[in-house]
Amino acid sequence: MLFVAVSLFLAFVSACLSLAVGEVRIPLPEVANIILGKVGFPSSGAGASGVYDTILLFVRLPRTLMVFFVGSVLGVTGAVYQGLLLNPLAESYTLGVASGAALGATIAIAFNVNLVRLFAFLGGALTLLGVWALSHRSRSVDPTRLILSGVVVGSILQALMMLLQTLFPEKLGAFFFWVMGSFNSASWRWLPGCLIASCIALLFLLLHRELDIISLGEGKAETLGMNIVRMRWVLLLAASLITSVVVSYCGVIGFVGLIVPHLLRMMVGHSHGRLLFASWMGGGLMLLWADVTARAIGSLPVGVLTALVGGPIFCLFLWKS
Amino acid sequence: MRPILLSAIGVSVYYGSKKVVYDVSLDMRSGEVFALLGPNGSGKSTMVKAFVRLADKEGDIRILNLPMESFTRKTLARAAAYMPQKVQVVMPFKVMDVVLLGRYPWISFLGDYSDKDLNLARHNLDEVGMTGFEDRIITTLSGGEVQRVMIAQCLTQDAAIMLLDEPTSALDPKYSIAVMRILRNYVKNGRAALCVMHDVNLALRFADRVALMKEGSIRYICGSSEVDASMLSDVFDVPWHIEEWQGGRIALPL
């Protein structure tokens, strides 16, 4: 309960910062004033500005919510992949899903198809199917084989992406968005997709016991009454699909799925009952802080910041463990 | 006559595509500790895997007098608990969390552990001498301690039949004897336990009946008091001597 209370407090503070920080800085009392006014509380009206109002409600608020939802999806899917594949390095990039989504978007941009997000989603989903087909053997799936297939397929997809970028240099700016990840196009229009993906990520909490059992090995899982092949398929499919959804909105953002579950395991332990919720909240908060920092120092792509900060943190973690 | 809880009739079992157990028939009765003995590679572990559908088989297996095919995964898990030979615990979970997973077959999809589940888990940790280890991280424990935790998990599964593949392989004599006593206690309530074992003396002392396997088939099946040196010599390919001692029997390979 303490963790939930602290998380909610941090989420509130982070959201306030996210609403205030940007090219136009909005004073925090003004932020509170506008938000309270919109939800029906009487606002003071002092200092209220139409510009602030527009920036807050049509730019910052959808962006803040979208960043949190995307981060929560990346955090939970990282924990799910790591628990599922029994590998601490697993995340959506390990299986090539994020690369597949980025390639799908790149193809749509290169050939002027006006369905970039759909292509990104399909790219991620098809990649998962390919990786699964490569690693599937008789009744079971070997996690090591799955990761190896994912790494190889991911490399091929990234090479294809670079090939397209070379063939279509005039579209490098649009490609850049997908490779680095950005929330500059955040709007209310894209929020429902991210919200649904984040809610599905929360639903993984219902399968926390199954994720714990998977770590005991196939034989033990089956004899405890779990259909491990079906469960692996369900978890992988759901995690990969929601990853594809969020990548289709904001591009590839690395390290959140890798770092967040690792850091949180030190705080809440390894049992997925606690870890999944912590990763949902922690992923959202980490990406929110990264996005606020990126905006504060001058509209950096958020993916660059997560890699720059996440990489050293992970190295520190490895060194200390 | 006590009811039969598990029976195999003309069962052959495959390890991958290779047949490694041939035409085995046996039954386990309520209240019975049954030991499966034999040299390495004789098919003991594969045989036991067939009882929990972890290996392909031909022939009929009946559990609680029902064909094995009529069980779902969950109902089979409620009827038979299984501990594999090699216990894999790669995630540093708390000991209590691992033991509680034994309740998985009994709880609903959205359900949570009840006080009864928690008390059962605590009781079984106490049974295997692991009280005070509830919050310890399992990956920091010794092999023997992990084995005791996994036995506690099987006990917590609360199934009618317990199938244990070398449950004492990592245990010192004190805990080997303790585990066998736990099994004797477990079968008192009309349940049954089958142990794959290499320790002939533990089997002779604690099992009601013994099956001796060699090259994929059961060579002898009899009460533990009826096992003689010639049977052991035949199965293990070394001469054995059995000595009567203080009301029990000690078997020695020569």
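Residues numbered from 1 in each chain as written. Chains lettered and ligands numbered in written order. Predicted model: local features only at pLDDT ≥ 70, side-chain atom pairs only at ≥ 80, totals over all residues.

## Digging into the overall build of chain B
Within chain B one finds 8 helices and 12 strands. A total of 254 residues make up chain B; the buried ones form 43% of that total. Taking as baseline every contact in chain B between residues at least 6 positions apart, the subset at least 24 positions apart corresponds to 65%. (Helix = DSSP H or I, 4+ residues; strand = E, 2+ residues; numbered from the N terminus. Buried ≥ 20, exposed ≤ 12 C-beta atoms within 10 Å, placed from the backbone. Contact = placed C-beta atoms within 7 Å.)

## A look at the environment of Thr46(B)
Residue and element names in this part refer to chain B. The topology assignment puts Thr-46 in helix H1 (residues 44–51). With 40 residues separating them in the primary sequence, Thr-46 and Lys-86 have C-alpha atoms 13 Å apart. Excluding anything up to four places from it in sequence, Thr-46 contacts Val-13, Tyr-15, Val-20, Val-21 and Ala-55.

## Observations regarding the nonpolar core
By size, the foremost hydrophobic cluster in this structure holds 174 residues, and its most contacted members are Val70(A), Val246(A), Ala80(B), Ile161(B) and Leu163(B). Ranked by residues supplied to this core, first place goes to helix H3 (residues 50–85) of chain A with 16 residues. For Ala80(B), the residues in contact, after removing those within four places along its chain, are Phe51(B), Val52(B), Ile63(B), Ala159(B), Ile161(B) and Leu163(B). (Core = buried A, V, L, I, M, F, W, Y, C linked by C-beta atoms within 7 Å.)

## So, the sheet that holds strand S8 (residues 192–197) of chain B
All names here are of chain B. Pairing is mixed in the open sheet, where 6 strands are placed in the order S6-S7-S8-S3-S9-S10. The sheet is open, and its two borders are formed by strand S6 (80–83) and strand S10 (217–223), each paired with just one other strand. Strand-to-strand twist in this sheet, taken as the mean axis angle between neighbours without regard to direction, amounts to 15 degrees. Bridge analysis of S6 against strand S7 (residues 161–165) gives 4 bridges, and the strand direction is parallel. Counterpart to Met-83 in the pairing with S7 is Leu-164. (Pairing = 2+ DSSP bridges. Axes fitted to C-alpha atoms, helices over the stretch in contact; angles between N-to-C directions.)

## Some thoughts on the interface of chain B and chain A
If you look at the interface, chain B gives 19 residues, while chain A gives 19 residues. With 3 residues, the single largest contributor to the side of chain B that touches chain A is helix H2 (residues 73–79) of chain B. Here the residues of the side of chain B that touches chain A sort into 14 nonpolar, 1 polar and 4 charged. (Nonpolar A, V, L, I, M, F, W, Y, C, P; charged D, E, K, R; others polar.)

## A few points about unusual backbone geometry
All names here are of chain B. Phi is positive for Asp-158, which is not a glycine, with a value near 55 degrees. Here Asp-158 is to be found in the loop between helix H5 (143–157) and S7. One non-glycine residue, Glu-166, lies in positive phi territory at about 50 degrees. Counting through the fold element by element, Glu-166 comes out in the loop between S7 and helix H6 (173–186). Exposure remark for Glu-166: the 21 C-beta atoms within 10 Å place this residue in the buried category.

The quantities given are spatial measurements derived from coordinates; they are silent on function.
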